[in-house]
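Commentary on secondary and tertiary structure
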Amino acid sequence: MTVLSGRKAVVTGGSRGIGRAIVERLARDGAQVVFTYAENAGAAAEVEKAVAELGGAAHAVRADLAEPGAAERLMREAEERLGAVDILVNNAALTFAPAGLADTDDELYDRAMAVNAKAVFLTMRHAARHMPDGGRIVNISTLNTVRPAPGTTAYVASKGALEQLTAVAAQELGPRGITVNTVSPGATDTDLLRGTNSEENLAMAAALTPLRRLGQPSDVADVVAFLSGPDARWVTGQNILVTGGLA
Ligand code: NAP
């Protein structure tokens, strides 16, 4: 028996980076996991294999969460495979090369909102209707909502929406023992971070961080695992900064 034995989890964006670390950690703790990828089938297959080698169970589903209907299809497919879903982690997100307010076109704004906010709303609405009592929802935001940075208009607007969905759902689902929390990473060493920052920026982020390094995906996954487990039963409606002290 491990801490999440018998629990059924959905993790969006589990093929790489922080999502992969979350899938592996929840599976190691005993949960059966369905996770999504958008395009990278090879990376998703690697995650399935790595989890199987640890004796766990994780199944990849292709879902571009920008597509209408994709989030609901994902939740239905997960339930067909696992039964009722107890743990929902909304991790997938679209990020972009920095674009200031003046250069943020309608398409960029709409895509950010579709994946980072509307798909989160849709998976959470499904959970509000079907998640058993005592379930867990964890949504991944960003330090940038409390530490604004130029060039992040669409991204941070969408993450602000995610945080408010979290806060309201915590109020509404609390009577059923379902906790709903946000985890906000700081600079975490993933493809996303390396794709949008120079080496110089990364070194600066580490130097500004009290713990003097970049975050690793497992630093974030361990906090998500805590919030997904029984020890976090009295924690809801929070936004936990997982940033090495950077704030
Ligand atoms: P990442 O390395 O870019 O991985 C993104 C994951 O999301 C991949 O599994 C990707 O699938 C999936 N994905 C991308 N677009 C999608 C779409 N349209 N539909 C469904 N899935 C999609 O990202 P990360 O750095 O691990 O970030 C994970 C979360 O942490 C995000 O919510 C991000 O905003 C947040 N965050 C990250 C940092 C950081 O420094 N890394 C800081 C603050 C917040 P494919 O493999 O198929 O592309």
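The written sequence of each chain sets the order in which its residues are numbered from 1. Side-chain atom pairs in this predicted model are given and counted only at pLDDT of 80 or more, local residue features only at pLDDT of at least 70, and totals for whole chains, interfaces and linings cover all residues. Think of the side-chain values as coming from all heavy atoms in the structure, minus any hydrogens and water.

**A look at helix H8 (residues 217-228)**
Counting from the N terminus, the helices are DSSP H or I runs at least four residues long and the strands are E runs at least two residues long. To estimate how far a helix should reach, multiply one less than its number of residues by 1.5 Å. With 12 residues, H8 should reach 16 Å at 1.5 Å per residue; the first-to-last C-alpha distance of 16 Å fits that figure. Only protein chains enter the accessibility calculation, which uses a 1.4 Å probe. A residue is then buried if its area is under 20% of the maximum for its type, exposed if over 50%, and partly exposed in between. Three or more residues of H8 are buried, namely Pro217, Val220, Ala221, Val224, Ala225, Leu227 and Ser228. Buried residues along H8 cover an arc of 160 degrees about the axis, so they all sit on one side. Any pair of residues with heavy atoms lying within 4.5 Å of one another is described as a contacting pair. Next to the buried residues of H8 lie helix H1 (17-28), strand E4 (87-90), strand E5 (136-140), strand E6 (179-185) and strand E7 (239-242). This arc corresponds to the set of directions leading from the helix axis out to the C-beta atoms.

**Quick notes on the site of the ligand**
Proximity is defined per residue: if any heavy atom of the residue lies within 4 Å of a molecule or strand, that residue is considered near it. Around the ligand, 31 residues are found, and the nearest of them are Ser15, Glu39, Asn91, Tyr155 and Thr190. With respect to the ligand, the side chain of Asp64 contributes an N or O atom lying 2.9 Å from a nitrogen atom. In this structure, Thr188 approaches the ligand through a main-chain N or O atom, which is 2.8 Å from an oxygen atom. Per-residue and other accessible areas were derived by the Shrake-Rupley procedure at a 1.4 Å probe size, with only the shown protein chains allowed to occlude residues. Here the ligand has 920 Å² of accessible area as a free molecule, and 93% of this is covered by the chains. In protein, a polar contact means a hydrogen-donor-capable atom and an acceptor-capable atom, both N or O and within 3.5 Å, with residues adjacent in sequence counting only if both atoms are side-chain atoms; elsewhere, any N or O pair within 3.5 Å suffices.

**Some words on the pairing of strand E3 (residues 57-62)**
Pairing between strands is defined by DSSP: at least two bridges between them are needed. The pairing of strand E2 (residues 32-37) with E3 spans 6 bridges and is parallel. When the sheet's bridge partners are listed, Thr36 is paired in E3 with Val61. If you view a crossover with the strands going away from you and the path from the first strand over the helix to the second runs clockwise, you call it right-handed. The handedness of the E2 to E3 crossover, carried by helix H2 (residues 41-53), is right-handed.

**Structural notes on the nonpolar core**
Where a protein is soluble and globular, its nonpolar side chains tend to be buried together. What makes a nonpolar core is a set of buried Ala, Val, Leu, Ile, Met, Phe, Trp, Tyr and Cys residues whose side-chain atoms join them at distances within 4.5 Å. Formed by 30 residues in total, the largest nonpolar core has its most connected members in Ile22, Leu26, Val33, Phe35 and Val89. Mapped by element, the contributors of at least two residues to this core are strand E1 (8-11), H1, E2, H2, E3, E4, E5 and H8. Not counting the four nearest positions on each side in its chain, Ile22 is found in contact with Val11, Val89, Asn91, Ile140, Ala221 and Val224. Counting 20 residues, the second largest nonpolar core, distinct from the first, contains Val10, Val61, Val85 and Ile178.

**A look at a negative patch on the surface**
On the surface, a cluster of negative charge is made up of Asp105, Asp106, Glu107 and Asp110. Using a relative accessible area of 63% as the deciding quantity, one classes Asp106 as exposed. Each patch is assembled from residues with relative accessible area greater than 30% and no salt bridge, linking like charges that lie within 9 Å and nonpolar side chains (Val, Leu, Ile, Met, Phe, Trp, Tyr) that lie within 5 Å. The working definition used for a salt bridge is a side-chain nitrogen of Lys or Arg within 4 Å of a carboxyl oxygen of Asp or Glu. For the purpose of charge, His is not counted, nor are the chain termini; Lys and Arg are scored as positive and Asp and Glu as negative. Charge placement uses NZ in Lys and CZ in Arg. For Asp and Glu, CG and CD serve respectively.

**Regarding the UniProt feature "domain: Ketoreductase" (unreviewed entry) in the protein**
UniProt positions are given in the numbering used here, feature names are shortened, and annotations may be inferred rather than shown by experiment. What UniProt calls "domain: Ketoreductase" (unreviewed entry) maps, in this numbering, to residues 7-186. Secondary structure content for residues 7-186 is 47% helix and 18% strand, and the end C-alpha separation is 28 Å.

**Structural notes on the environment of Ala247**
Tracing the sequence through the fold places Ala247 in the segment after E7. Separated by 39 residues in the primary sequence, Ala247 and Leu208 have C-alpha atoms spaced 9.7 Å apart. Excluding residues within four positions of it along the chain, Ala247 makes contact with Leu143, Arg147 and Leu241.

**Describing H2**
Taking 1.5 Å per residue as the helical rise, H2 with its 13 residues ought to reach 18 Å, and the 18 Å between its terminal C-alpha atoms agrees with that figure. Buried residues of H2: Ala43, Ala44, Val47 and Val51, and no others. Down the axis of H2, the buried side of the element spans an arc of 100 degrees, and every buried residue falls inside it. Set apart from the buried face of H2 by more than 90 degrees, the exposed residues are Lys49 and Glu53. Next to the buried residues of H2 lie H1, E2 and E3. Once H2 finishes, Gly55 follows within two positions and takes phi at roughly 85 degrees, a positive value.

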